[in-house]
Amino acid sequence: MQASRARLFKEYKEVQREKSADPDIQLVCDDSNIFKWTALIKGPSETPYEGGVFQLAFAIPEQYPLLPPQVRFLTKIFHPNVHFKTGEICLDILKNAWSPAWTLQSVCRAIIALMAHPEPDSPLNCDSGNLLRSGDVRGFQSMARMYTRLAAMPKKT
Amino acid sequence: MEPLPKKQWGKVINSAAFCYYKFDLLRPINLEECTDAIKDLEYNHDVLRNIPLEDLSSWWLKHLVIYRLKYPLAIRKAYRLLDGFTKPAEAESEKKSIHRLLDGFTKPAEADLEKPSTDESEKCAVCLDKLEETGRNQTRLVCNHIYHEDCIFKWVSNHKTCPLCRVVAVRDCAIISPQI
């Protein structure tokens, strides 16, 4: 408990110090609970997610960093490895390939990498996975782009 | 060399098991630590029974007990263990190689082991604290990555791999809980 708190505090300070280091990631800690974080990540360029800003929710277990944080998308996203309803993410480093050397920041980077390189063979979103597996890249991209526009882009007023 | 009393055998095996456990984590250990561990392990014989005896063999004895502990007592322990666990002929050759090692042994191996690595950052990847933080033991894994001892022990007790490079840092039979 104490160890996880201390470690998260270190990460917090690191995030504050290197705020401009990675303009694609904006990690924010909950005001009252250091075990709850949110992140805003920019959709990687040359993907259907380009131009979108996606919100992630982190729930950090007390045994962190021995156990991985629970991360999910709060913003709707059409991606083979993200559950369309719950936002749950299928990513090995968040499950069995977790290592304490990962940080919240590097997890965000891994998620951005996953957005750019979907793994259609382990889909949480079957529709999305099937489009890619059947070779309908265009169909997948237009669906993904549509949801990016609908959910991840600020509404023009 | 005087033989070790039979009564001490439990302790020898305990300390050997403990050394073995620590060995894969490649760090120098001292006698105090070892005796503390022996005290703890004395109440935990079930754990020791799960360690195959053939694994408590010459390899770690040479490298750990002698190279690390460098106590005359340890050599005695090593001899006793060799007599007990290996065939006589093998034991003889092991004893010779132990002596060869001792002859070539001038500087303590600890000096090399304690040197902080320059390639990796000086932070412990588990707690993100500085490694040199006062009063905390460090552990160097087989892959040369260094962590705080308490940090990495919490991790390897369930995972066996180095957090930074995923090298298998601990062997199956070495996973015991010294309950320290």
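Residue indices begin from 1 for each chain and proceed along its sequence in written order. Written order determines the labels here, with chains lettered from A and ligands numbered from 1. Since the coordinates come from a predicted model, pLDDT governs what is reported: local features require at least 70, and pairs of side-chain atoms require 80 or more to be given and counted, while whole-chain, interface and lining totals use all residues. Side-chain figures throughout are based on the complete set of non-hydrogen atoms in the structure, without hydrogens or water.

Labelled according to an unreviewed UniProt entry, chain B appears under the name E3 ubiquitin-protein ligase RING1-like protein, originating from Carex littledalei.

The name recorded for chain A in an unreviewed UniProt entry is E2 ubiquitin-conjugating enzyme, from Carex littledalei. UniProt positions are given in the numbering used here, feature names are shortened, and annotations may be inferred rather than shown by experiment. Per UniProt, chain A carries the Sequence similarities (unreviewed entry) text "Belongs to the ubiquitin-conjugating enzyme family."

We call two residues in contact whenever any of their non-hydrogen atoms come within 4.5 Å of each other. Tallying the contact residues gives 12 residues for chain B and 16 residues for chain A. Note on definitions: buried area is the accessible-area loss of two parts on being combined, 1.4 Å probe, summed for both. Of the roughly 1,100 Å² buried between chain B and chain A, counting both surfaces, carbon and sulfur atoms make up 62%. Considering only the side of chain B, the residues that lose the most area to chain A are Leu128(B), Trp155(B) and Arg166(B), jointly responsible for 45% of the buried surface there. Salt bridges are defined as contacts in which a side-chain nitrogen from Lys or Arg sits within 4 Å of a carboxyl oxygen from Asp or Glu. Our count for the contact surface shared by chain B and chain A stands at 2 salt bridges. In this structure, the salt-bridge partner of Lys10(A) is Asp129(B), at a minimum N-O distance of 2.6 Å. Within 3.5 Å is the distance limit for a polar contact, defined as a pair of N or O atoms, with the added protein rule that one can donate a hydrogen and the other accept it, and that residues adjacent in sequence qualify only through two side-chain atoms. Linking chain B with chain A are 4 residue pairs in polar contact (both at pLDDT 80 or more). In this count, Pro and Cys sit with the nonpolar residues alongside Ala, Val, Leu, Ile, Met, Phe, Trp and Tyr, while Asp, Glu, Lys and Arg are called charged and the others, Gly among them, polar. Looking at the side of chain B that touches chain A residue by residue, the classes come out as 7 nonpolar, 1 polar and 4 charged.

Residues and elements named next belong to chain A. Distance thresholds for patches are 9 Å for like charges and 5 Å for nonpolar side chains (Val, Leu, Ile, Met, Phe, Trp, Tyr), applied to residues having over 30% relative accessible area and no salt bridge. Here, Shrake-Rupley sampling with a 1.4 Å probe gives the accessible areas, and only protein chains in the shown set may cover a residue. Nonpolar side chains collect at one region of the surface, where Met143, Met146 and Leu150 lie side by side and expose about 260 Å² of accessible area between them. Mapped onto the elements of the fold, methionine 143 is located in helix α4 (residues 137-151). Using a 1.4 Å probe on the protein chains alone, a residue whose accessible area is under 20% of its type maximum counts as buried, one over 50% counts as exposed, and one in between counts as partly exposed. Residue classification places methionine 143 among the partly exposed positions, given a relative accessible area of 31%. In this text, helices come from DSSP runs of H or I with a minimum length of four residues, and strands from runs of E with a minimum of two, each type numbered from the N-terminal end.

So, about the nonpolar core. We define a nonpolar core as any set of buried Ala, Val, Leu, Ile, Met, Phe, Trp, Tyr and Cys residues linked to one another through side-chain atoms lying within 4.5 Å. Formed by 53 residues in total, the largest nonpolar core has its most connected members in Trp37(A), Ile41(A), Leu56(A), Phe58(A), Phe73(A) and Ile89(A). Ignoring any residue separated from it by four or fewer positions in sequence, one finds Phe73(A) in contact with Ile41(A), Phe54(A), Gln55(A), Leu56(A), Val82(A), Thr86(A), Gly87(A), Ile89(A), Ile111(A) and Met115(A).

Looking now at the packing of helix α3 (residues 126-133) of chain A against α4(A). All names here are of chain A. Axis geometry follows a simple rule: fit a line to the C-alpha atoms, using only the stretch in contact for helices, then measure angles between N-to-C directions, giving values from 0 to 180 degrees. Contact geometry of α3 with α4 gives a least axis separation of 7 Å together with a crossing angle of 145°. For the element pair α3 and α4, the recorded crossing hand is left-handed. Along the contact surface, α3 presents Ser128, Leu131 and Leu132, while α4 presents Val137, Gly139, Phe140 and Met143. Handedness of a crossing is defined here by the sense of rotation of the near helix relative to the far one, left-handed for an anticlockwise turn of less than a right angle and right-handed for a clockwise turn.

This part takes up the UniProt feature "active site" (unreviewed entry) in chain A. All names here are of chain A. The sites that UniProt annotates as "active site" (unreviewed entry) are Cys90. Relative to the elements of secondary structure, cysteine 90 occurs in the loop between β4 (70-73) and α2 (104-116). Excluding residues that lie within four positions of it along the chain, cysteine 90 makes contacts with Asn81, Lys95, Leu114, Ser122 and Leu124.

Residue and element names in this part refer to chain A. When you line up the elements, lysine 36 lands in strand β2 (residues 36-42). A C-alpha to C-alpha distance of 6.4 Å links lysine 36 and isoleucine 60, two positions 24 residues apart in sequence. In this view, lysine 36 contacts Cys29, Asp30, Phe58 and Ala59; residues no more than four positions away in its chain are not counted.

Bringing the pattern of salt bridges into the picture now. Where charged atoms from two side chains of opposite charge come close, those side chains can pair. Counted by the stated rule, this structure contains 7 salt bridges over all chains. Residues Asp150(B) and Arg136(B) are paired through a salt bridge, measuring 3.3 Å at the closest nitrogen-oxygen approach. Here the residue Asp150(B) occupies a position in helix α8 (residues 149-156), and Arg136(B) occupies one in the loop between α7 (109-114) and β1 (138-140), the gap between them amounting to 14 residues. We classify Asp150(B) as partly exposed; its relative accessible area is 40%. Connected via shared salt-bridge partners are Lys10(A), Asp129(B), Arg136(B) and Asp150(B).

Let's shift gears to the packing of aromatic side chains. All names here are of chain A. The rule is short: rings of Phe, Tyr and Trp, with Trp giving its six-membered ring, pair when the centres are within 6.5 Å, and they are stacked under 30 degrees, edge-to-face over 60, tilted in between. For the structure on display, the rule yields 8 aromatic pairs over all chains. Between phenylalanine 54 and phenylalanine 73 the ring centres are 6.1 Å apart and the planes differ by 90°, which places this aromatic pair in the edge-to-face class. Here the residue phenylalanine 54 occupies a position in strand β3 (residues 53-59), and phenylalanine 73 occupies one in strand β4, the gap between them amounting to 19 residues. Each member of the pair, phenylalanine 54 together with phenylalanine 73, is buried. Members of the aromatic cluster, each reached through a chain of ring pairs, are Phe78, Phe84, Phe140 and Tyr147. Cation over ring: lysine 76 sits above phenylalanine 84, and NZ or CZ is 5.0 Å from the ring centre. In this scheme, Lys NZ or Arg CZ marks a charge over a ring once it lies within 6 Å of the ring centre and within 35 degrees of the ring normal.

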